[in-house]
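Read off the chains here:
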Amino acid sequence: MDSRFVVLESFELVADAEILKLKLESEGIPVFLKDANIMQAEPFIATATGGVKVMVEKEDFLRANAVYDALRRYALDKDGNPITCPNCKATRSERYFKRDKLRYRLFPFLEPARYRCTQCGMITAADS
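Let me begin by describing the structure that accompanies this report. Because the structure is a prediction, the values reported are computed rather than measured.

## Things to note about the sheet that holds strand β5 (residues 114-117)
Taken in spatial order, the 3 strands of this open sheet run β4-β5-β6, and their pairing is antiparallel. Both edges of this open sheet fall to β4 (93-96) and β6 (123-125), since each of them pairs with a single strand only. The mean angle between the axes of side-by-side strands here comes to 35°, regardless of whether they run parallel or antiparallel. Sheet analysis places β5 next to β6, joined by 3 bridges and oriented antiparallel. If you follow R116 over to β6, its bridge partner there is I123.

Written out as structure tokens, the structure is:
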């Protein structure tokens, strides 16, 4: 693979990656999807391949990330308020799946809720 490309984000579903790809291309940012064909042929190996990777050129990364940030849906608590990171106080957390056990790999919706701050990277439990 050409080292001038970097991963912007990985998705478990090809459709999610395609939506981001189309938005980035509409903004004039060249994109390609790595492992999309594998995921379409064998969708149950998402964990093994790391999902579909949205690849952008290094020089476009910051602009692409800004476009992606405008599209992201950040995690909300049970009252509809954004999850606040206890470390940096940012309100830009996403659901995080550790998938350290086979049952969580097969049934990710059973895994206890955890959140990863997109600003500092800290992972916290839902009760934190």
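## Things to note about the pattern of salt bridges
Taken as a whole, this structure holds 5 salt bridges when the rule is applied. Here R4 ties to E57 by a salt bridge, and the two come within 3.9 Å at their closest N and O atoms. Here E57 lies in strand β3 (residues 52-57) and R4 lies in the segment before β1 (5-11), a separation of 53 residues in the sequence. Residue D35 is joined to K53 by a salt bridge in which the shortest nitrogen-to-oxygen separation is 2.5 Å. Taken together, the residues D35 in the loop between β2 (31-34) and α2 (36-41) and K53 in strand β3 connect sequence positions 18 residues apart. Like D35, the residue K53 is buried in the burial classification.

## Re helix α1 (residues 14-26)
The terminal C-alpha atoms of α1, which comprises 13 residues, lie 18 Å apart, in line with the 18 Å expected from a rise of 1.5 Å per residue. All buried positions along α1 are accounted for by V14, A17, L20, K21 and L24. Angularly, the buried residues of α1 cover 130° about the axis, an arc narrow enough to put them on a single face. Every exposed residue of α1 that faces more than 90 degrees away from the buried side is listed here: I19, L22 and S26. Check the buried side of α1 and you find it contacts β1, β2, α2, β3 and α4 (61-71). Backbone geometry just downstream of α1 places G28 in the positive-phi region, at approximately 85°.

Parameters and conventions
Residues numbered from 1 in each chain as written. Predicted model: local features only at pLDDT ≥ 70, side-chain atom pairs only at ≥ 80, totals over all residues. Heavy atoms only, no water. Pairing = 2+ DSSP bridges. Helix = DSSP H or I, 4+ residues; strand = E, 2+ residues; numbered from the N terminus. Axes fitted to C-alpha atoms, helices over the stretch in contact; angles between N-to-C directions. Salt bridge = Lys/Arg side-chain N within 4 Å of Asp/Glu carboxyl O. Buried < 20%, exposed > 50% of the residue type's maximum accessible area, 1.4 Å probe, protein only. Expected span 1.5 Å × (residues − 1). Arc of directions from axis to C-beta. Contact = heavy atoms within 4.5 Å.

Any functional reading would require information that these geometric values do not contain.
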